[in-house]
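Descriptive analysis of the structure
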Amino acid sequence: MKSDSFDFTAALQKALADPQIGGNFRGALDGLRGKRLALFNDAEELASLRATGKALKARVLSRLPELLTQLEANCEKNGIRVHWAETTEQANRIVLSILRECGADMVVKGKSMVSEEMGLNRFLEQNGVEPVETDLGEFIIQLAVEPPSHITAPALHKNKLQVAEIFHRCVPGAPYTENVEELNAIARTTLREKFRTAKAGLSGVNFAIAETGTLVLVENEGNGRMCTHVPPVHIALMGLEKVVEKLDDLPPLMRLLTGSATGQLLSTYVNAITSPRAEGELDGPREVHLVILDNGRSTMFADPELSGALRCLRCGACLNNCPVYVRVGGHAYGSVYPGPIGAVITPQLEGIDNKGDLAGASSLCGACEEVCPVKIPLAGHLRRIRAEGQAAPGEGCVRGAGAKRSLVERLAWTAWAYTETHPRLREYLLRAAALMGDKLPEVGPLKTWTAARTAPRVAPKSLRQRVREEGIRHE
Ligand code: SF4
């Protein structure tokens with residue numbers, strides 16, 4: 001599902017002008033960063049764990065088609081029906097047909113970023129099915145009719161008072177309360193009835209183990225377990241990069257995922273689903289379906305460099321540590337995946353012509369890749385996406401390559417190269433720049449560039465000129 005076209009610059013300015021966004025994000029992200037640091041307090045151990053995580057995911061990518069085939073075979077052997085979807089439209093149709101087959105006009109949903117990518121909720125509503133988000137954060141933003149602002153903490157941009165107002169306004173009969181326990185109780189009471197009566201539940205997948213055909217889902221609220229075990233039909237959605245080789249790979253990957261996401265040694269719930277309810281078992285769904293989505297991932301996989309982004313565990317640590325994301329929050333990106341990883345994968349999934357600007361929302365400081373548990377070179381990928389945007393016709397591999405190519409910019413670089421290779425001209429220009437002094441930043445594109453930066457000052461005399469006049473002094 002493609003996001004509607006949006007003005008990234010306007011969205012950034014709006015977010016920067018809203019003190020509440022900055023305040024809410026800074027407080028919440030400081031907490032998440034602190035918990036991660038407290039858990040990973042042994043630098044050597046963390047380095048070794050990250051190297052293991054990177055190697056495991058790189059090995060998956062080196063055998064991706066084979067592992068997906070193995071996963072499908074083992075899931076089918078276990079009684080899990082596997083569906084392949086090349087596009088989000090196909091994935092939506094598959095989910096709808098399963099829901100129609102089981103007569104569900106309402107589905108309880110655990111957290112799934114792939115379902116956000118598919119625009120599943122809107123599609124289901126248009127087709128007469130009520131999607132009910134059951135993750136507390138997702139529940140809040142569904143009531144507020146807003147998209148998630150973070151990969152793992154979708155309602156991070158809301159504070160307690162805002163949640164109190166939303167519940168009071170949107171949940172029938174809910175009193176106004178700022179008491180967190182009471183707010184939790186309102187959500188629990190509302191959702192319990194939905195779990196009890198839903199004919200189908202839907203969830204994401206954190207890891208799909210090819211060796212055993214097992215779907216692993218980590219969560220902290222227990223709603224994931226309710227969605228996957230209470231209704232008679234369970235539909236699991238995953239991007240094709242979620243496959244892992246074997247059960248033994250799980251402990252280091254889980255440790256990296258939960259530690260990087262929330263600073264937890266292990267999440268409160270770990271669900272491992274290997275089959276529907278077996279003969280004689282008292283609970284569990286009677287049908288389990290797995291929908292495996294491509295949606296541009298195969299194209300990413302084909303690129304030896306950018307395929308590294310498919311190692312992503314969706315832990316959100318790169319967002320929490322990004323100086324841009326911390327200030328503007330997730331909505332400013334106008335995409336399902338915000339922050340550094342979003343700026344890398346969204347232009348690839350939706351085209352550089354559509355979302356190439358996102359790659360510019362980075363100082364390339366590298367804070368994101370320093371914390372990435374699987375060592376994705378995010379700054380390098382951002383530079384590559386920027387370069388793809390400037391690619392010449394016929395060059396570039398990413399969808400929409402060359403869309404950001406501008407005549408003015410090319411002329412500027414050509415002029416710069418000419419000046420740098422002609423020292424006399426360079427000196428004349430530098431002298432002219434020194435004479436213009438403070439006026440320089442008020443000219444043309446420099447005005448935009450210096451609007452949010454300290455204007456560079458040109459020295460009255462160049463080094464070359466001073467050497468010529470004063471000679472070289474050895475001190
Ligand atoms: S890129 Fe790395 S840090 Fe960011 S969400 Fe993915 S795994 Fe986590």
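Residues numbered from 1 in each chain as written. Predicted model: local features only at pLDDT ≥ 70, side-chain atom pairs only at ≥ 80, totals over all residues. Heavy atoms only, no water.

**Quick word on the site of the ligand**
Taken together, Cys312, Leu313, Arg314, Cys315, Gly316, Cys318, Ile341, Cys372, Pro373, Val374, Ile376 and Leu378 make up the full set of residues adjacent to the ligand. Among the residues forming the shell around the ligand, the class breakdown is 10 nonpolar, 1 polar and 1 charged. (Near = heavy atom within 4 Å. Nonpolar A, V, L, I, M, F, W, Y, C, P; charged D, E, K, R; others polar.)

**Section: the packing of helix α9 (residues 160-170) against helix α10 (residues 180-197)**
The N-to-C vectors of α9 and α10 enclose an angle of 40 degrees; their axes lie 11 Å apart at closest approach. Here α9 lies oblique to α10, going by the angle between them. The handedness of the crossing between α9 and α10 is left-handed. Contacts between α9 and α10 involve Lys160, Val163, Ala164 and Phe167 from the first element and Val180, Leu183, Ile186 and Ala187 from the second. Residues belonging to the contact of α9 with α10 are distributed by class as follows: 7 nonpolar, no polar and 1 charged. (Axes fitted to C-alpha atoms, helices over the stretch in contact; angles between N-to-C directions. Helix = DSSP H or I, 4+ residues; strand = E, 2+ residues; numbered from the N terminus. Parallel < 35°, antiparallel > 145°, perpendicular 65-115°, else oblique. Left-handed = near helix turned anticlockwise from the far one by under 90°. Contact = heavy atoms within 4.5 Å.)

**Some words on the sheet that holds strand β3 (residues 130-133)**
The strand order across the open sheet built from 6 strands is β1-β10-β7-β4-β2-β3, with neighbouring strands paired in parallel fashion. Of all the strands in the sheet, just β1 (80-85) and β3 have a single pairing partner and so form its edges. Across the sheet, the mean angle separating the axes of adjacent strands is 25 degrees when strand polarity is ignored. Taken together, the 6 bridges between β1 and strand β10 (residues 287-293) define a ladder with parallel strand orientation. Looking at the pairing, Ala85 lines up with Leu293 of β10. Lying over the sheet, helix α4 (residues 64-78) contacts β1, β7 (233-239) and β10, oriented at roughly 145 degrees with respect to β1. (Pairing = 2+ DSSP bridges.)

**Remarks on the pairing of strand β2 (residues 106-109)**
Moving residue by residue along a regular strand, the side chains alternate between the two faces of the sheet. With burial as the criterion, each face of β2 is covered, one bearing Met106 and Val108 and the other bearing Val107 and Lys109. In terms of strand pairing, β2 meets strand β4 (residues 200-203) through 3 bridges, oriented parallel. Its bridge partner lying in β4, Val108 is registered against Gly201. (Buried < 20%, exposed > 50% of the residue type's maximum accessible area, 1.4 Å probe, protein only.)

**Here we look at the side chain of Glu241**
Structurally, Glu241 can be placed in the loop between β7 and β8 (243-244). Assessed through its relative accessible area of 3%, Glu241 is described here as buried. A polar atom in the side chain of Glu241 sits 3.4 Å from the side chain of Arg314. Those residues in contact with Glu241 that lie beyond four places of it in its chain are Lys57, Arg297, Leu310 and Arg314. (Polar contact = N/O pair within 3.5 Å; in protein donor to acceptor, adjacent residues only side chain to side chain.)

**Digging into the nonpolar core**
If you look at the biggest cluster of nonpolar residues, it comprises 81 residues, and the most contacted ones within it are Leu71, Phe207, Leu215, Leu290 and Ile341. Setting aside its immediate chain neighbours within four residues, Leu71 contacts Ala208, Ile209, Ala210, Gly213, Met238, Val243, Leu290 and Ile292. (Core = buried A, V, L, I, M, F, W, Y, C linked by side-chain atoms within 4.5 Å.)

**A look at the sheet that holds β8**
Strand order in this open sheet of 4 strands is β8-β5-β6-β9, and the pairing throughout is mixed. Looking along the sheet, the strands with just one partner apiece sit at the ends: β8 and β9 (269-273). Where strand β6 (residues 214-219) lies against β9, 5 bridges are found, and the strand directions are antiparallel. Across the sheet, Val218 pairs through a bridge with Val270, a residue of β9. Contacts from helix α12 (residues 250-262) reach β5 (207-209), β6, β8 and β9, with the element oriented near 175 degrees to β5.

**Digging into the pattern of salt bridges**
Scanning the model with the defined rule gives 26 salt bridges in all. We note a salt bridge from Lys111 to Glu138, for which the minimum N-O separation is 3.5 Å. Taken together, the residues Lys111 in the loop between β2 and α6 (113-118) and Glu138 in helix α8 (residues 136-143) connect sequence positions 27 residues apart. Counted as one network, the salt bridges with shared partners bring together Arg59, Arg63, Glu66, Glu245, Lys246 and Asp249. (Salt bridge = Lys/Arg side-chain N within 4 Å of Asp/Glu carboxyl O.)

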